[in-house]
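Structural overview for review
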Amino acid sequence: MNVTRDVILDVWPLYEANEVSADTRALVDGFLAKDAEFSRLLQRADAATRRTLGAGAPDGRPADPAKTMIAGVRGRLARQRWLTGAAVFASLVPLSVGNLGGGPQMVIRDFPALWLAIPVAVGLWIWLWRTTKAGV
């Protein structure tokens with residue numbers, strides 16, 4: 001089989017991402033050992049790419065955009081989960097009814113506390129709505 005520079009260029013992204021088999025890795029390593037000029041060219045191209053994209057990973061490789069996006073989505077979902085729980089809790093506390101000795105009555109009977117709890121609940125629902133609506 002005749003391995004050319006074009007073949008190496010085709011598998012290079014997978015080689016760099018460690019997504020190739022051991023046989024393919026040995027093939028690329030063997031080719032680069034024989035063609036030192038091409039090996040230097042690839043190293044310079046990789047260095048230029050790292051400088052352009054910025055070193056995101058600890059080993060100096062560029063940050064993976066897909067991983068960055070997934071981490072952002074997970075963070076937004078965690079924030080939305082927290083906001084949903086807090087909004088439901090803040091909404092139900094003023095509406096809670098219990099038997100406090102004199103029959104069923106509102107748990108929060110103190111009028112100022114009720115006026116404090118309702119705006120907190122409304123604020124949390126608005127914050128949740130803006131977070132989910134914006135998609136950011």
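Notes on the structure follow. (Residues numbered from 1 in each chain as written. Predicted model: local features only at pLDDT ≥ 70, side-chain atom pairs only at ≥ 80, totals over all residues. Heavy atoms only, no water.)

Quick look at the packing of helix α1 (residues 5-16) against helix α2 (residues 22-34)
One can describe the packing of α1 onto α2 by two numbers: an axis separation of 11 Å at closest approach and a directional angle of 125°. For the element pair α1 / α2, the angle class is oblique. The two elements α1 and α2 meet at a crossing, and its hand is left-handed. Seen from α1, the contacting residues are R5, I8, V11, W12 and Y15; seen from α2, they are R25, V28, D29, F31 and L32. Its residues assigned to classes, the contact of α1 with α2 comprises 7 nonpolar, no polar and 3 charged. (Axes fitted to C-alpha atoms, helices over the stretch in contact; angles between N-to-C directions. Helix = DSSP H or I, 4+ residues; strand = E, 2+ residues; numbered from the N terminus. Parallel < 35°, antiparallel > 145°, perpendicular 65-115°, else oblique. Left-handed = near helix turned anticlockwise from the far one by under 90°. Contact = heavy atoms within 4.5 Å. Nonpolar A, V, L, I, M, F, W, Y, C, P; charged D, E, K, R; others polar.)

Overview of α2
Taking 1.5 Å as the rise per residue, α2 with 13 residues should run 18 Å; its terminal C-alpha atoms sit 18 Å apart, in good agreement. All of the buried residues in α2 are V28, F31 and L32. All buried residues of α2 lie within an arc of 95° about the axis, which places them on one face of the element. Turned more than 90 degrees away from the buried face of α2, the exposed residues are A22, D23, A33 and K34. (Expected span 1.5 Å × (residues − 1). Buried < 20%, exposed > 50% of the residue type's maximum accessible area, 1.4 Å probe, protein only. Arc of directions from axis to C-beta.)

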